[in-house]
Amino acid sequence: MVEPVYVVLGATGGIGSALCRRLVAAGARLTIAARDCKRTRALGTELGVHAVPIDATCATHVDRCFAEALSHHGRIDGVANCVGSILLKPAHLTTDDEWAGALTTNLTSAFFTVRAAVRAMTRTGGAVVLLSSAAARLGIANHEAIAAAKAGIIGLMLSAAASYAGRRIRVNAVAPGLVRTPLTEVLTGSDASLQAVSALHPLGRVGEPEEVASAIAWLLDPAQAWVTGQVLGIDGGLATVRSRA
């Protein structure tokens with residue numbers, strides 16, 4: 001069996017690193033990319049995979065990552081963008097820089113990833129998975145900037161899925177609820193705050209990185225060759241279920 005080749009951006013984050021470990025355990029070959037050079041190379045050494053430190057909000061960096069991945073592996077079968085940020089502020093307290101940062105980190109990095117992935121897989125086909133959020137699918141107070149950025153990712157995904165279906169490039173997204181990662185420690189770090197945010201999810205707890213990674217890996221898998229243009233909610237029912245009257 002030919003080992004699949006995947007590129008994972010945002011590889012050193014909670015979800016990204018869980019995804020990398022899962023894919024390697026399943027026998028995939030990887031190129032991993034993230035901003036922190038030391039952590040990226042350390043994870044690459046740990047997993048025995050090709051590591052490329054980049055800033056995913058810079059188009060030339062993303063293009064270089066894909067060029068190096070093609071040179072190293074000879075092909076790319078799938079791409080996951082796990083780059084993201086969190087900003088919990090109402091609109092009237094959000095600065096221009098914070099707004100721009102939320103859009104750049106989340107939506108711009110996703111666009112650059114889609115563009116580079118399509119160019120790399122245009123003859124062979126493949127899969128792209130983007131990271132949205134449950135906050136893009138329902139109204140949650142104090143999420144205006146991040147909700148807008150993550151909703152933009154859904155729009156990007158849908159349009160790209162339509163544009164590139166004829167080239168056999170599948171484009172999907174996952175939309176997690178609150179996941180226990182270093183990025184969300186401000187919300188999960190104390191028992192009181194963890195209890196409060198857990199209660200927002202109908203299943204009564206926050207998610208774990210491995211649960212989101214499992215969904216991304218499923219969408220990347222060539223066995224899902226008839227799945228495109230979908231948003232897969234990995235959110236404990238947050239965006240769609242009301243378990244209490």
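Look up: the structure comes first, before these words.
About the thresholds
Residues numbered from 1 in each chain as written. Predicted model: local features only at pLDDT ≥ 70, side-chain atom pairs only at ≥ 80, totals over all residues. Heavy atoms only, no water. Buried < 20%, exposed > 50% of the residue type's maximum accessible area, 1.4 Å probe, protein only. Helix = DSSP H or I, 4+ residues; strand = E, 2+ residues; numbered from the N terminus. Arc of directions from axis to C-beta. Contact = heavy atoms within 4.5 Å. Pairing = 2+ DSSP bridges. Right-handed = clockwise from strand over helix to strand, strands pointing away.

## Some points on helix 2 (residues 37-47)
Considered for burial, the residues of helix 2 that qualify are Thr40, Leu43, Gly44 and Leu47. End-on view of helix 2: buried residues confined to an arc of 100°, all on one side of the axis. Turned more than 90 degrees off the buried face of helix 2, the exposed positions are Lys38, Thr45 and Glu46. Check the buried side of helix 2 and you find it contacts helix 1 (14-25), strand 2 (29-34) and strand 3 (50-53).

## Things to note about the pairing of strand 6 (residues 169-176)
Summarising burial for strand 6: eight of the eight residues are buried, a large majority. Of the two faces of strand 6, the one carrying Ile169, Val171, Ala173 and Ala175 and the one carrying Arg170, Asn172, Val174 and Pro176 are both buried. Pairing of strand 5 (residues 126-131) with strand 6, which is carried by six bridges, proceeds in the parallel orientation. Across the sheet, residue Val129 finds its bridge partner in strand 6, namely Asn172. Each parallel crossover has a hand, and the one from strand 5 via helix 5 (residues 144-164) to strand 6 is right-handed. Strand direction decides the pairing type here: strand 6 and strand 7 (residues 231-234), joined by four bridges, are parallel. Bridged to Ala173 within strand 7 is Val231.

## Some points on the pairing of strand 5
Extensive coverage of strand 5 is indicated by the burial of six of its six residues. Taking every second residue as pointing to the same face, both faces of strand 5 are buried, with Gly126, Val128 and Leu130 on one and Ala127, Val129 and Leu131 on the other. With four bridges connecting them, strand 4 (residues 78-81) and strand 5 associate as parallel partners. Within the sheet, the bridge partner assigned to Asn81 lies in strand 5 and is Leu130.

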